[in-house]
Amino acid sequence: MKDKIMLGLLLILALAINAQNSEKENINNVLDDWHLAASNADFDSYFSKMTADGVFIGTDATENWQNAAFKEFSKPYFDKGKAWSFTAVERNIYMNKAEDFAWFDELLDTQMKLCRGSGVMKKENGQWKIAHYVLSIAVPNENVAELIQIKKEKDSLTLLDLKKK
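Scope of this entry: the structure provided in the associated data block. Computed from a predicted model, the values in this text were never measured in an experiment.

## As for the side chain of Glu63
Mapping Glu63 onto the fold places it in the loop between β1 (50-57) and β2 (64-66). Lys154 provides the closest opposite charge to the buried, salt-bridge-free Glu63, at an N-O distance of 9.7 Å.

## A few points about the sheet that holds strand β6 (residues 127-137)
Spatially, the six strands line up as an open sheet ordered β2-β1-β6-β5-β4-β3, and their pairing is mixed. The open sheet has two edge strands, β2 and β3 (87-95), and neither has a second partner. On average, each strand axis in the sheet is tilted by 15 degrees relative to the strand beside it, whichever way the strands run. Two elements, β1 and β2, share three bridges in a ladder whose sense is antiparallel.

## Here we look at the environment of Val139
Tracing the backbone shows Val139 in the loop between β6 and α4 (144-164). Those residues within four positions of Val139 in sequence are excluded, and the remaining contacts are Val144 and Leu147.

## A short note on the pairing of strand β4 (residues 101-110)
Regular strands place side chains that alternate from one sheet face to the opposite one. In terms of burial, β4 is a largely internal element, seven of the ten residues being buried. Of the pairings in the sheet, the one linking β3 to β4 comprises eight bridges and is antiparallel in character. Of the residues in β4, the one forming a bridge with Asn92 is Asp105. Linking two consecutive strands that pair antiparallel, namely β3 and β4, is a turn of five residues; a positive phi of about 55 degrees is found at Glu99 within it.

The rules behind the values
- Residues numbered from 1 in each chain as written.
- Predicted model: local features only at pLDDT ≥ 70, side-chain atom pairs only at ≥ 80, totals over all residues.
- Heavy atoms only, no water.
- Helix = DSSP H or I, 4+ residues; strand = E, 2+ residues; numbered from the N terminus.
- Buried < 20%, exposed > 50% of the residue type's maximum accessible area, 1.4 Å probe, protein only.
- Lys, Arg positive; Asp, Glu negative; His and termini not counted.
- Salt bridge = Lys/Arg side-chain N within 4 Å of Asp/Glu carboxyl O.
- Pairing = 2+ DSSP bridges.
- Axes fitted to C-alpha atoms, helices over the stretch in contact; angles between N-to-C directions.
- Contact = heavy atoms within 4.5 Å.

Given below as structure tokens:
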């Protein structure tokens, strides 16, 4: 009897692990398709993978794009047939127990060289959607001092503007 109970518990555990792996595969596919849509300048496909209230945080301190503003900013690039090209070379995905909320980080090969993307996804009507995405340029630690010098003046002006608000 104990063997049957143990076998049943192991089966349930195996099914749960398999279900989570399947959800992670679905998330991977959405993210890969999202990046591919940008590479192909497919505006509708790209934005269909984001929630209506999605947010995109770009590499510039001023880039905190709510979905409608991000669409407006991005449209001319997509219309010209050249948006951006990001390919994930590494990705980690984490999920809540209900499997309707996930967060991830990814290392990207881009036209800016190595970048880091991270974000939040949620399941809407059975589909995974990107609710929040943050893009940052990966800077080697040994180059941080040099980078600080390059951006010091612009950052000082941006900070002054932000503190006025």
